[in-house]
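Here is how the chains run, residue by residue.
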Amino acid sequence: MNRREFIGTLAVSTPAAAAAADEQRPAGTPATSEPRPLTITLLGTGTPAPSLERQSSGYLIEVGTDLIVWDHGPGAHHRLIESGHRTVDVTHAFFTHLHYDHCMDYGRLVLQRWDQGADRIPDLQVYGPPPLARMTEQLFGPDGVYGPDIRARVEHRSSLDVFEARGGKSPRKRPAPRVTEIHAGSTVQGNGWKVTIGHAQHVQPYLECLALRLDAKEGSICYTGDSGPSDTIVELAKGCDILIHMNHYFSGTEPTPAYRAACGNHRDNAIIAKRAGVKTLVLTHLLAQIDQPGIREQIVHEIQQVFDGKVVWGEDLMRLGLSGSRVSTIEPGQQE
Ligand SMILES: [Zn+2]
Ligand SMILES: [Zn+2]
């Protein structure tokens, strides 16, 4: 391999799972120009607790030609790559709240996308509650955490050589995620999809906590973020095809009433799903203490005594497909 060939290989970065043909695809171009079916992949179904089996919160929605992440906690981005997708193909990111188990991989997403994208892809569009704009500036601004790194990559000749090998044209731009701060009641209109933002009951007033609902022609998906039992979740999730709900506690084991109010329990979730009239309930944000044989089955069984839709025990890399307003496929996660 000569130097030119070596530099050429720097221009391409693909996940191991990507097909060989995919490797020649320029950054920012989807694998196919055909609109994809609506799917959601669970990237992280765990909690703040370190785990190899369950990464912290993250979800990936493929809708039309857009690739949207909902929350991006530690480990979620690793799962995104494991799912066969590329960092550069993510178009939008939404955050429900700024607990670190929902946003710690934001830095990774923005920086790796910027680096590999080489100024050839649109800026990432980012939505979340305040102080998301301030956090973004404090991460990526000139005086931010990554300010010195970004300056080195934008100005040092060696970094610019790699940037130009990736197809970039100097002068190199800094990463500039386009942040829009959102609140309960906000809506975000995309190409063939709409996200409606609702109120989640969690750790106010310290953090503004939101829930998300996406509607597209193939169906609807609601995600509670972190939330205890709340009428606002029932209202937001009304009639949706998939409700992804935090299921942190086995009923009765919450340490205090404050925990129950902020995080709920499995019986609370059964009532929410029933009242909202959703078709499929996906349980997530699962503590290791309840993620045990026998307990899993008991939780699902007890929820089904109240809620007559489908109940799914979420796992990292599980992928659900929606068409005609019904869950048409559920592919299990690929746990090692
Ligand atoms: Zn959480
Ligand atoms: Zn939280």
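Residues numbered from 1 in each chain as written. Chains lettered and ligands numbered in written order. Predicted model: local features only at pLDDT ≥ 70, side-chain atom pairs only at ≥ 80, totals over all residues. Heavy atoms only, no water.

**Quick word on the overall build of the protein chain**
Rule in force here: Numbering of helices and strands runs from the N terminus, with a helix taken as a DSSP run of H or I at least four residues long and a strand as a DSSP run of E at least two residues long. Summary of the burial criterion: residues with accessible area below 20% of their type's maximum are buried, those above 50% are exposed, and those between are partly exposed, where the area comes from a 1.4 Å probe applied to protein chains only. Every residue pair with non-hydrogen atoms within 4.5 Å of one another is taken to be in contact. To measure how exposed things are, a 1.4 Å probe is used in the Shrake-Rupley method; for residues, cover is taken only from the protein chains shown.
Helix and strand content of the protein chain: 11 helices and 15 strands. For the protein chain, buried positions account for 53% of its 336 residues. Here the analysis covers contacts within the protein chain between residues at least 6 apart in sequence; of these, 63% occur between residues at least 24 apart. For the protein chain, the accessible area works out to roughly 15,100 Å², and carbon and sulfur atoms hold 53% of it.

**Some words on the coordination of the zinc ion (ligand 1)**
Rules: Distances up to 2.8 Å from the metal define which N, O and S atoms are donors, and 3.2 Å serves for Na, K and Ca; water is absent from the atom set, so sites may look incomplete.
Taken together, Asp101 (OD), His102 (NE2), Asp226 (OD) and His285 (NE2) make up the protein donors of the zinc ion (ligand 1), found 2.1 to 2.2 Å from the metal. Donor residues for the zinc ion (ligand 1), ordered by position in the chain, follow D-H-x123-D-x58-H. In this structure histidine 285 comes out as buried when scored by relative accessible area, which is 3%.

**A look at the side chain of histidine 266**
The following threshold applies: Here a polar contact means two N or O atoms within 3.5 Å. Within protein one must be a hydrogen donor candidate and the other an acceptor candidate, and residues neighboring in sequence count only if both atoms are side-chain atoms.
With respect to the helices, strands and loops of the structure, histidine 266 is situated in helix 10 (residues 266–276). For histidine 266, a relative accessible area of 0% gives the class buried. For histidine 266, the side chain forms a polar contact with the side chain of glutamate 302, separated by 2.8 Å. Leave out the neighbours within four places in its chain, and histidine 266 touches Asn247, Tyr249, Phe250, Ser251, Ile299, Glu302 and Ile303.

**Here we look at the coordination of the zinc ion (ligand 2)**
As a reminder, the rule being used: Angular criteria define each label, namely tetrahedral for four donors with all angles between 85 and 135 degrees, square planar for four and octahedral for six donors with opposite donors over 155 degrees apart and remaining angles between 65 and 115, and irregular for whatever fails these tests.
Note on the zinc ion (ligand 2): its protein donors are His97 (NE2), His99 (ND1), His202 (NE2) and Asp226 (OD). The metal-donor distances range over 2.1 to 2.3 Å. Bound by 4 donor atoms, the zinc ion (ligand 2) shows angles of 94 to 158° at the metal and therefore irregular coordination geometry. For the zinc ion (ligand 2), all donor residues lie on one chain, and their spacing in sequence is H-x1-H-x102-H-x23-D. Separating the zinc ion (ligand 2) from the zinc ion (ligand 1) is a gap of 3.5 Å, which aspartate 226 spans by donating to each of them. Pair noted here: histidine 99 is in the loop between strand 4 (92–94) and helix 3 (100–103) and aspartate 226 is in the loop between strand 10 (219–223) and helix 8 (231–237), with a separation of 127 residues, a long-range link. According to the relative accessible area criterion, aspartate 226 is buried, its value standing at 3%.

**Some points on the nonpolar core**
The condition that has to hold: Within this scheme, the nonpolar core is defined by two criteria: the residues are buried Ala, Val, Leu, Ile, Met, Phe, Trp, Tyr or Cys, and they are joined through side-chain atoms within 4.5 Å.
Ranked by internal contacts, the top residues of the largest apolar core, which has 55 residues, are Phe95, Tyr106, Leu243, Val278, Leu283 and Ile303. Per-element tally for this core: the top contributor is helix 4 (residues 106–117), with 5 residues. Setting aside chain neighbours within four positions, we find leucine 243 in contact with Cys222, Thr224, Ala237, Ile272, Ala273, Val278, Thr280, Leu281 and Val282. In this structure, Trp70, Trp193, Ile244 and Val312 belong to the second largest nonpolar core, which totals 29 residues.

**Things to note about the confidence of the model for the protein chain**
The cut-off we apply is this: The pLDDT score gives, residue by residue, the confidence of the prediction method on a 0 to 100 scale.
Looking at the protein chain, the pLDDT average stands at 92 and 90% of residues meet or exceed 70. Long-range and interchain partners of residues 13–24, a stretch whose pLDDT sits below 50, account for 12 contacts in this model, where long-range means more than four residues apart.

**Re the sheet that holds strand 4**
Heads up, the rule is: Two strands qualify as a pair provided that DSSP identifies no fewer than 2 bridges between them. Axes here refer to lines fitted to C-alpha atoms; in helices the fit is confined to the stretch in contact. Angles between the N-to-C directions go from 0 to 180 degrees.
Pairing is mixed across the open sheet formed by 8 strands, whose spatial order is 6-5-4-3-2-1-14-15. In this open sheet, the two strands that pair with only one neighbour each are strand 6 (178–181) and strand 15 (326–331). Neighbour to neighbour, the strand axes of the sheet diverge by 20° on average, direction disregarded. Of the strand pairs in this sheet, strand 5 (residues 125–128) and strand 6 are connected by 4 bridges, and their pairing is parallel.

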